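Overview (structure and organization)
Next come the chains, spelled out residue by residue.
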Amino acid sequence: MVNSSQSPLSTKLDLANRLFFRLYQCANMLHKTGSRAVEAEGLTTQQWAVLGALSREKAEGGMSMGDLAKYLMVSRQNLSGLISRMERDGHVAIAPDGRDRRSRLVSMTESGRHVWHVLAQPKIQAYYEDILGDFSVNDVTHTLHYLLKILENMQRLDTDWVNGGNEAETPADQGGA
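These remarks concern the structure in this document. Keep in mind the model is a prediction, meaning the values are calculated, not measured.

Bringing unusual backbone geometry into the picture now. Positive phi values are uncommon outside glycine, yet M73 reaches one of about 60 degrees. Tracing the sequence through the fold places M73 in the loop between α3 (65-72) and α4 (76-88). Note on M73: relative accessible area 47%, which makes it partly exposed.

Once that is clear, we can look at the pattern of salt bridges. Scanning the model with the defined rule gives 5 salt bridges in all. The partner of R88 in a salt bridge is D89, with the nearest N and O atoms 3.1 Å apart. Owing to a relative accessible area of 32%, D89 belongs among the partly exposed residues under this scheme. Among the ionic pairs, R113 bridges to E110, the shortest N-O distance being 3.0 Å. Note that R113 and E110 are positioned in helix α5 (residues 110-132) at a spacing of 3 residues, about one turn of the helix. Judged by its relative accessible area of 58%, E110 falls in the exposed class.

Two elements in contact, helix α1 (residues 8-38) and α5, have axes separated by 9 Å at closest approach and are oriented at 135 degrees. Here α1 lies oblique to α5, going by the angle between them. Considering only the axes of α1 and α5, their crossing is right-handed. Seen from α1, the contacting residues are M29, L30, T33, G34, A37 and V38; seen from α5, they are A120, K123, I124 and Y127.

What counts and what doesn't
Residues numbered from 1 in each chain as written. Predicted model: local features only at pLDDT ≥ 70, side-chain atom pairs only at ≥ 80, totals over all residues. Heavy atoms only, no water. Helix = DSSP H or I, 4+ residues; strand = E, 2+ residues; numbered from the N terminus. Buried < 20%, exposed > 50% of the residue type's maximum accessible area, 1.4 Å probe, protein only. Salt bridge = Lys/Arg side-chain N within 4 Å of Asp/Glu carboxyl O. Axes fitted to C-alpha atoms, helices over the stretch in contact; angles between N-to-C directions. Parallel < 35°, antiparallel > 145°, perpendicular 65-115°, else oblique. Left-handed = near helix turned anticlockwise from the far one by under 90°. Contact = heavy atoms within 4.5 Å.

All we've got here are geometric facts, nothing functional implied.
Given below as structure tokens:
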């Protein structure tokens, strides 16, 4: 419960702390329970995300490592190790980009497509139903809307920090709450 004697700024900061802690917990539980959902296919949630990204129509011809890292919002270093393991397991292939020799394209192999479409998708859909079964379409739509707003603000902040500022503005710097 929020203390009614708190200032609006204090209340918002308390709620923000609770919200971001819950997001942190959700991310950890997604990794734990999501990986369990697809472990029989030899996948983790990170590999699930890679295969999901590569399964999109836009990625039919493959994706550069840089574009894939940007799309998944991970560092190239973290993605590189993950892709190496997935290549070893036969889920993805890496080839030079015909348009840019310095770039490498990652694409799903036939084996990766089979794992993704035939083996993993039914389990992923069951996982979604287990997690969101008591959510209405409206609930999911609203949740997605607010998560996208948070993500856009985080991306803006990240861009601001990369482009020279390394301290976030506080509400006081912005002229109040």
